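Structural overview
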Amino acid sequence: MGAVHEALAALSLVDHHCHGVVTADLDRPGFESLLTEGDRWPGGSPFDTPVGVAVRRHCAPLLGLDRHAPPREYLARRTELGWREVNRRFLAAAGTGTYCVDTGFGPAELAADDVYEVVRLESVEEAMAAGGVEPDAYARAFHSAARQAVGRPGVVAVKSVAAYRTGFDLDPARPSAAEVERAARHRLAAGGRLEDPVLVRNLLWTAVDLGLPLQLHTGFGDNDIRLHRVDPTHLTDWLHLTAGTIPVLLLHCWPYQRQAGYLAAVFEQVYLDVGLTLHHVGPARARAVLEEALEITPFRKLLYSSDAYGLSEFYALGALSFRKGLGELLQDRVDDDELSLSDALRLAEWAGAHNAHQVYRLSGSS
Amino acid sequence: MGAVHEALAALSLVDHHCHGVVTADLDRPGFESLLTEGDRWPGGSPFDTPVGVAVRRHCAPLLGLDRHAPPREYLARRTELGWREVNRRFLAAAGTGTYCVDTGFGPAELAADDVYEVVRLESVEEAMAAGGVEPDAYARAFHSAARQAVGRPGVVAVKSVAAYRTGFDLDPARPSAAEVERAARHRLAAGGRLEDPVLVRNLLWTAVDLGLPLQLHTGFGDNDIRLHRVDPTHLTDWLHLTAGTIPVLLLHCWPYQRQAGYLAAVFEQVYLDVGLTLHHVGPARARAVLEEALEITPFRKLLYSSDAYGLSEFYALGALSFRKGLGELLQDRVDDDELSLSDALRLAEWAGAHNAHQVYRLSGSS
Amino acid sequence: MGAVHEALAALSLVDHHCHGVVTADLDRPGFESLLTEGDRWPGGSPFDTPVGVAVRRHCAPLLGLDRHAPPREYLARRTELGWREVNRRFLAAAGTGTYCVDTGFGPAELAADDVYEVVRLESVEEAMAAGGVEPDAYARAFHSAARQAVGRPGVVAVKSVAAYRTGFDLDPARPSAAEVERAARHRLAAGGRLEDPVLVRNLLWTAVDLGLPLQLHTGFGDNDIRLHRVDPTHLTDWLHLTAGTIPVLLLHCWPYQRQAGYLAAVFEQVYLDVGLTLHHVGPARARAVLEEALEITPFRKLLYSSDAYGLSEFYALGALSFRKGLGELLQDRVDDDELSLSDALRLAEWAGAHNAHQVYRLSGSS
């Protein structure tokens, strides 16, 4: 094992974007539904996918099974050990010291030094809307609820899932008070999710007012996404208008990792990760995705996230894919003398931990 | 040769989408015009392309020539042998046991166990329109003609070239009877090809009514395509509306193979291949394209097709590129212990034959 | 070193698109601002990028420093040598015999046999507009100014930066005289840059009238670009309308190199390069980008350019990335017997020099 792999193996990662883990035993349908971003399909199993293969290869040994254990055996062993022990093992294997979590993640489950919170602005808006507010008070009430949410201890960033609601081919300008009020009238009468384009724009501009780093889901996700509308380059005009205000962190990005890298290269405030993708493509392709993500991305702009959700396997698998993929990429460049070892080690530490410490101003910053 | 290559070499492929082969001798201009999807260009020859190099490398030896034989020698030998012998050799070399053919493919030319038919719906519509029909009877007449066409023995699927006519950035909803009649009035008066967006939508919804699997050309083709409009993710809303009805098979896909893989991962009914691309990029790049196509695609969702048309070389070259590209990809993962050998063999058999057997319910299903 | 690498090392390149080099000593901020296409960012240095690493690796030794010399040391040595010696060394290292330059590039700085000029049409238009013209004379005056500009000795092509001004999702038709006059009225009253879509279309059609090859910036550039609007496939309808007139050379293309390759494969008049990208991704990724660019591109359609601007490092780094990337790609295919050595040598010479000689009809054509 080369020096880069050793350094990455020893590095306490900052997972700057993840979700909660299931704290219950799972039956096969429950496990399989969390294994995929997709629908179920007849005659197939979510285990017959790149992520399914990766779980059997890399997670089975952590449960004391052979590599490539069959699904039935894997799930039986998972049940036998119980969710507490399973989660403990996978979270320990992740080697992640710091988590920034977008929803409730039981701290008891974490073998982490630090847990921070990321406030999902759509949830704030929807709770406020459900609680009752007049259209002419909408903007102020949302701002105030968001301000209150980010004032909680441990909050380091906000997040938007605008990608799921409208995509990014929006008018980049801040909507006027009259536009917001008019849109709020319909939205509050209709209830449900925030999907109005004017109010999604209002949400993005509210994020600017809050002053915290903004995480934006881009690219890959479930089938609520219209993938071509979440190419992050649709954000270009908005990034021009908001330059000099808040850091913007592009999450996931696949298959637009090159486009995200372009934005990170030409806009001071833009950062990116390839979370979610890392465990879905698995260690077999994590390097290829990272190679593209790093083609022009400045080294201070790449962050690590797992975007793990539900299965504790994903925390381990995301970290493993990142360490293996980035390690191979960097070690080969060092071996080819395209990169010095000290530069490679610096880049690895930046991407795995330090860039997140800096952009979120985490305490105990490395 | 590893176990995966051996298994793929022995596998009788199902080519789930191809066209007819020329049953005549070809002069140089005739051969060259079939070798390219493009215009001719001055001072260049279609042999000076990746596919031209691949033909000289891999097809020349099947005609008894040296590898990399020059074009003149290659064509002379082709003429010397005659089209019957040339086609016999290449079709035998393909190792394809089952073909699903979109237009007339002389069965005598096939060294295949089974030949099935795919009905191109635009051809049905254009024949019906040319035959004379009143606008208010258009929808019913098209449905009826299509129903009759798919009732012929051996028909297993329908196909649409909507990609060539309008692209996929269409209103996804089924058009109303009044809209169809109004559009039909213009279309029937104008004659010619089906290009009206409302009638293209009507065609796609007619495919849903027919209940058979629908093959959709996406991505790469000739210059009738507006490539950015045939990114298959433009179909997302239509896929939501038609969920639970018919299987949808995305053909070609390049350079949107990752986007196609996303759709296959999140929609139960979506399948994909990288046909046409395989012989145009040649064995030198088939693996790279397959790697991207398989990044997140479930293993039950990838199919093999050659999309061969005209030259019997393409049936051999498509099959060779597929076997070599997929074989290397899988064998390397087995060698790296990222994939078990039994999983690799299963994936190869599924992609090369079984997935097609299942989605088209072919007789003699493996 | 294999035969392909040797041939490429010995080949006198034609750099068919580049800019002027700075003829002055640069302080650190001056150097760093030329090293990046992006904004500056706090806590980071443009040296912490793929191009920064490539400069320290490949350019430092040309200044007599160790590989991977630190930025401070690199810049000190650059100052010590002075800009004349620095430029002399890097331009000599480039091994470029012929330059086609889009703005003034002091011939004294060039170790080149030939320097040709490319006329940027937006500059012609803006000089004419600033000089004063009546709206009804706009079209004629622009045509006449452009005609005069291309009549200068050594002019071999025109260039447009329409990508920066409007993107390519434009009405492809030639605008009417009345439309041009109406748009000119506003544009001339407002002054400044040419950004009106009607007048950008008029510019592209004026290029057709001039009859010279047209270079089009596509893909990657600074943050004036809306990347998704400069995918060159948006030009498809315009390429249909202008078929049979002028050669069109797609510059840069990344991350749309496959899309550009598609256009080059299906339109007689389309050519492409991956300039600018080559030095920004560096030798570590140049091959990967070239592999994609060459997936289906005919071998007579790929050209070399550095798109170097400002820093003489880029002339050397672009040439090095091209030679190394293309050399590895071709040599590996020769080693795998996918390509004959003579074909590989031919392809290398075509891409590095001969294709440009032919499309621009350069004197002393190889």
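Scroll up to find the structure this text is about.
A brief structural summary. (Residues numbered from 1 in each chain as written. Chains lettered and ligands numbered in written order. Predicted model: local features only at pLDDT ≥ 70, side-chain atom pairs only at ≥ 80, totals over all residues. Heavy atoms only, no water.)

**Concerning the overall build of chain A**
For chain A, the helix and strand inventory stands at 16 helices and seven strands. The C-alpha atoms of chain A give 21 Å as radius of gyration, which agrees with the globular expectation for 366 residues (21 Å, within 12%). In terms of overall dimensions, chain A has a C-alpha envelope of 60 × 50 × 40 Å along the principal axes. Relative to its full complement of 366 residues, chain A shows a buried share of 64%. Expressed as a percentage of contacts within chain A between residues at least 6 apart in sequence, the contacts between residues at least 24 apart total 74%. (Helix = DSSP H or I, 4+ residues; strand = E, 2+ residues; numbered from the N terminus. Rg over C-alpha atoms; globule rule 2.2 N^0.38 Å. Buried < 20%, exposed > 50% of the residue type's maximum accessible area, 1.4 Å probe, protein only. Contact = heavy atoms within 4.5 Å.)

**Brief notes about the nonpolar core**
Formed by 390 residues in total, the largest nonpolar core has its most connected members in Y74(A), Y74(B) and Y74(C). Those residues in contact with Y74(B), other than ones at most four positions away along the chain, are F31(B), V55(B), C59(B), A60(B), L63(B), L65(B), F90(B) and E313(B). (Core = buried A, V, L, I, M, F, W, Y, C linked by side-chain atoms within 4.5 Å.)

**Notes on the sheet that holds strand β6 (residues 248-252) of chain A**
All names here are of chain A. Spatial strand order, β1-β2-β3-β4-β5-β6-β7: seven strands in an open sheet with parallel pairing. If you trace the sheet from one side to the other, it starts and ends with β1 (13-18) and β7 (270-272), each paired once. With strand direction ignored, the average angle separating the axes of adjacent strands in the sheet is 30°. Here strand β5 (residues 214-218) pairs with β6 via five bridges, running parallel. Across the sheet, H217 pairs through a bridge with L251, a residue of β6. (Pairing = 2+ DSSP bridges. Axes fitted to C-alpha atoms, helices over the stretch in contact; angles between N-to-C directions.)

**Brief notes about the sheet that holds strand β5 (residues 214-218) of chain B**
Adjacent strands of a sheet form backbone hydrogen bonds with each other and so pair up, either parallel or antiparallel. Residues and elements named next belong to chain B. Ordered by their spatial adjacency, seven strands build an open sheet running β1-β2-β3-β4-β5-β6-β7, and the pairing between neighbours is parallel. Edge strands, defined here as strands with exactly one partner in the open sheet, are β1 (13-18) and β7 (270-272). Across the sheet, the axes of successive neighbouring strands diverge by a mean angle of 30°, strand direction being ignored. Across the sheet, helix α16 (residues 341-360) touches β1, β4 (155-160), β5, β6 (248-252) and β7, and the angle it forms with β1 is around 60°.

**What to know about the relation of the copies chain B and chain A**
Between chain B and chain A, which share one sequence, the superposing operator has a rotation angle of 120° and an axial displacement of 0.0 Å; the RMSD is 0.0 Å. Those values place the two copies in the arrangement expected of a three-fold rotation axis. A share of only 3% of the interface residues of chain B reappears at the interface of chain A, consistent with the copies meeting through non-equivalent patches. (Least-squares fit on C-alpha atoms with pLDDT ≥ 70 in both.)

**Considering the relation of the copies chain C and chain B**
Relative to chain B, chain C is turned by 120° and slid 0.0 Å along the rotation axis, the superposed coordinates differing by an RMSD of 0.0 Å. The residues that chain C uses at the interface reappear at the interface of chain B in only 3% of cases, marking distinct surfaces.

**Remarks on the interface of chain C and chain B**
If you look at the interface, chain C gives 31 residues, while chain B gives 38 residues. Ranking the residues of chain C by area buried against chain B places Y262(C), E295(C) and E338(C) at the top, with a combined share of 22%. Seen at the junction of chain C and chain B, the total is eight salt bridges. For the pair chain C and chain B, the interface holds 15 residue pairs in polar contact (both at pLDDT 80 or more). Contributions of two or more residues to the side of chain C that touches chain B are made by α11 (236-241), α12 (257-266), α14 (283-293) and α16 (341-360) of chain C. Counting residues per element, the side of chain C that touches chain B draws most heavily on α12(C), at five residues. (Buried area = accessible area lost by both parts, 1.4 Å probe. Salt bridge = Lys/Arg side-chain N within 4 Å of Asp/Glu carboxyl O. Polar contact = N/O pair within 3.5 Å; in protein donor to acceptor, adjacent residues only side chain to side chain.)

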